[in-house]
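Survey of secondary and tertiary structure
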Number of protein chains: 2
Amino acid sequence: MTEVDAQRLARRAAILKSMAHPSRLLIIEMLEQAPRCVGELTEAIGADITTVSKHLAVMKRVGLVCDEKHGTYSEYRLLCSCVTHLIDCVEAGMDAQSCDAP
Amino acid sequence: MTEVDAQRLARRAAILKSMAHPSRLLIIEMLEQAPRCVGELTEAIGADITTVSKHLAVMKRVGLVCDEKHGTYSEYRLLCSCVTHLIDCVEAGMDAQSCDAP
DNA sequence: GACATTATTGGCAAGATCGCCAATAATAGT
DNA sequence: ACTATTATTGGCGATCTTGCCAATAATGTC
C-alpha cells in the first residue's frame, strides 16, 4: 500500500468518524431539511450546547458542514447533501443480504 | 425524538463506527474484490493478525461482513457491496461544494 | 456602557478504542 | 499422537472520545 493510499484511507476514515455518532446523525438529518443554528440542534438533541458545539466543530473540520455567522447566531448547513441517503443504502443492502444465502 | 428514532440513529452510528478506521476501509476495499482470509488482510494492512481479527469481529457484529470456515482458514466477505461507492460519493459531494459558493 | 443572548474554548473525569503480547482453540498433515 | 498453521480471545497500557461545567468571546439591546 502506497503512502497516497494510506492518506486517502485516513481521510475517509476521518469523514466517517465525524458522522459515527447518534447526535451527529441527527444533526445531519436536520441540516438536510434546512440550515440551523446551534441552539435549534441542541434542543432537538437534548444535550448541553457546548457538547453540540463541539460535535459541529468536528464535522466542520472534516468538511461535512460549514457555518455562517448572523449576529450572535451561527447558522450551520450541510456541505454534502447525499449523506443520509448513503446510510439508507448501507442499511438496505445489509438487510437484503446474509451469509446464509450466498 | 422518539425512542424508535434514537434506536435507528444508534444502529446507523454503530455501522458507521465499524467502518471509520483506515484498516477497516482497506478491508472493505479488498473484500469488494474477493472474499479473503484473515492472513491475506493482515499482510495488506501490516498490523498484527490479532488486531485484524478484532477489527473483523467488530465489522461482523454490526453485520458488515460475515465469515465462513474452510479448514483452519476463516474466509470473510462483504455483506453490503455498495459501501466504498458510498464513500466515494461523500467525498465527491464535499469536493464539489463549499460555503463560499452557496 | 451595562446587560442579555448565543456560541466557543479549556479543562477534566469517565468510558471507549487500538494495538500488541500471551494464551487458547481448531484443524491439517505426518 | 505430535507438530504446524490459522485464527480467536483475554488482558493491558496508551491514546482518543464524550459530555458536562466554568470561563471567555462576540454581538445585539437598552
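Quick caveat, the model's predicted, so the values are computed rather than measured.

Regarding the protein's contact with DNA strand D
Taken together, 22 residues lie around DNA strand D, and His55 of chain A together with Ser53, Lys54, Tyr73 and Tyr76 of chain B are the ones closest in. Atoms of DNA strand D within 4 Å of the protein belong to the sugar or the phosphate in 64% of instances, the rest to bases. Separating a phosphate oxygen of DNA strand D from a backbone N or O atom of valine 38 of chain B is a distance of 3.2 Å. Only α4 (49-61) of chain A together with α3 (38-45), α4 (49-61) and β3 (73-78) of chain B provide two or more residues apiece to the surface near DNA strand D. Among the residues making up the surface near DNA strand D, the classes are represented as 6 nonpolar, 11 polar and 5 charged.

Some remarks on the nonpolar core
Ranked by size, the top nonpolar core spans 48 residues in total, and within it Leu16, Ile27 and Leu64 of chain A together with Leu16, Ile27 and Leu64 of chain B carry the most contacts. Beyond its immediate chain neighbours, meaning those up to four positions away, leucine 16 of chain B contacts Leu16, Met19, Ala20, Leu25 and Ile87 of chain A.

Observations concerning the packing of helix α3 (residues 38-45) of chain A against α4 of chain A
Residues and elements named next belong to chain A. Close contact between α3 and α4 brings their axes to 9 Å; oriented N to C, the two are set at 115 degrees. As far as their axial angle goes, α4 and α3 are roughly perpendicular. Crossing of α3 against α4: the hand is right-handed. On α4, the residues touching Val38, Leu41, Thr42 and Ile45 of α3 are Ile49, Val52, Ser53 and Leu56. A per-class count over the contact of α3 with α4 returns 6 nonpolar, 2 polar and no charged.

Calculation notes
Residues numbered from 1 in each chain as written. Chains lettered and ligands numbered in written order. Predicted model: local features only at pLDDT ≥ 70, side-chain atom pairs only at ≥ 80, totals over all residues. Heavy atoms only, no water. Near = heavy atom within 4 Å. Polar contact = N/O pair within 3.5 Å; in protein donor to acceptor, adjacent residues only side chain to side chain. Helix = DSSP H or I, 4+ residues; strand = E, 2+ residues; numbered from the N terminus. Nonpolar A, V, L, I, M, F, W, Y, C, P; charged D, E, K, R; others polar. Core = buried A, V, L, I, M, F, W, Y, C linked by side-chain atoms within 4.5 Å. Buried < 20%, exposed > 50% of the residue type's maximum accessible area, 1.4 Å probe, protein only. Contact = heavy atoms within 4.5 Å. Axes fitted to C-alpha atoms, helices over the stretch in contact; angles between N-to-C directions. Parallel < 35°, antiparallel > 145°, perpendicular 65-115°, else oblique. Left-handed = near helix turned anticlockwise from the far one by under 90°.

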